[in-house]
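Structural characterization, general
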Amino acid sequence: QQQQQQQHQQQHQERGTAYSYVAQIKDRFKNEPVIYREFLNILQLYKDNNLDIASVKAKVANLFSRHTDLLARFSIFLPEQEPMTQEDT
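Keep in mind that what you see is a predicted model, and the values were worked out from it rather than measured.

Thresholds, definitions, all that
Residues numbered from 1 in each chain as written. Predicted model: local features only at pLDDT ≥ 70, side-chain atom pairs only at ≥ 80, totals over all residues. Heavy atoms only, no water. Helix = DSSP H or I, 4+ residues; strand = E, 2+ residues; numbered from the N terminus. Buried < 20%, exposed > 50% of the residue type's maximum accessible area, 1.4 Å probe, protein only. Contact = heavy atoms within 4.5 Å. Areas by Shrake-Rupley, 256 points an atom, 1.4 Å probe, with all protein chains shown as cover. Salt bridge = Lys/Arg side-chain N within 4 Å of Asp/Glu carboxyl O. Core = buried A, V, L, I, M, F, W, Y, C linked by side-chain atoms within 4.5 Å.

Let us look at the overall build of the protein chain. On a plain count of helices and strands, the protein chain comes out with four helices and zero strands. Going from N to C terminus, the protein chain has its helices and strands arranged as α-α-α-α. Within the protein chain, buried positions represent 24% of all 89 residues. Pairs at least 24 apart in sequence give 54% of the contacts found in the protein chain among residues at least 6 apart. With an accessible surface of roughly 6,700 Å², the protein chain has 45% of that area assigned to carbon and sulfur atoms.

In C-alpha cells form, the structure reads like this:
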C-alpha cells in the first residue's frame, strides 16, 4: 500500500510538471498561437499512435529550434531510452 501511495504521488507530481510545461509553452507563444497548437497536435498524434517517438522528437526539435530551454525541458518527458540529443536540435 505504501508503494501504491508513492506511485500515486509520483504520478501526481509528474502530471503537475507536465501541466506547468504546457503552460510555459502557451505563455511563450501567446503571440504565436499556431506554434502552441502545433505542439498540442504533435502530442495528440503521438497519443493516438499516429507518430512514433522519433518523429515526435524531430517535430518538437524543429518547432522549438530557437528555444533550447523548452527542448531541454521536453526531454524529461521522453522515455528514458529516448532523451533529446544535440543531433535532434
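Further remarks concern the pattern of salt bridges. Throughout the structure, instances matching the rule amount to two salt bridges. Asp 27 serves as the salt-bridge partner of Lys 30, at 3.5 Å between the closest nitrogen and oxygen. The closest approach of N and O atoms between Asp 69 and Arg 28, which form a salt bridge, is 2.5 Å. Taken together, the residues Asp 69 in helix H4 (residues 68-74) and Arg 28 in helix H1 (residues 2-28) connect sequence positions 41 residues apart. Arg 28 gets classed as partly exposed once you look at its relative accessible area, which sits at 31%.

Our focus in this paragraph is the side chain of His 67. Within the element layout of this structure, His 67 appears in the loop between helix H3 (53-63) and H4. Residues in contact with His 67, not counting those within four places in the same chain, are Arg 28 and Phe 29.

Here we come to the nonpolar core. Ile 25, Phe 39, Val 60 and Phe 64 are the most contacted members of the largest nonpolar core, which totals 18 residues. Those elements that place two or more of their residues in this core are H1, helix H2 (33-47), H3 and H4. Here this core takes five residues from H3, the largest share from any one element. For Val 60, the residues in contact, after removing those within four places along its chain, are Phe 39, Ile 42, Leu 71 and Phe 74.

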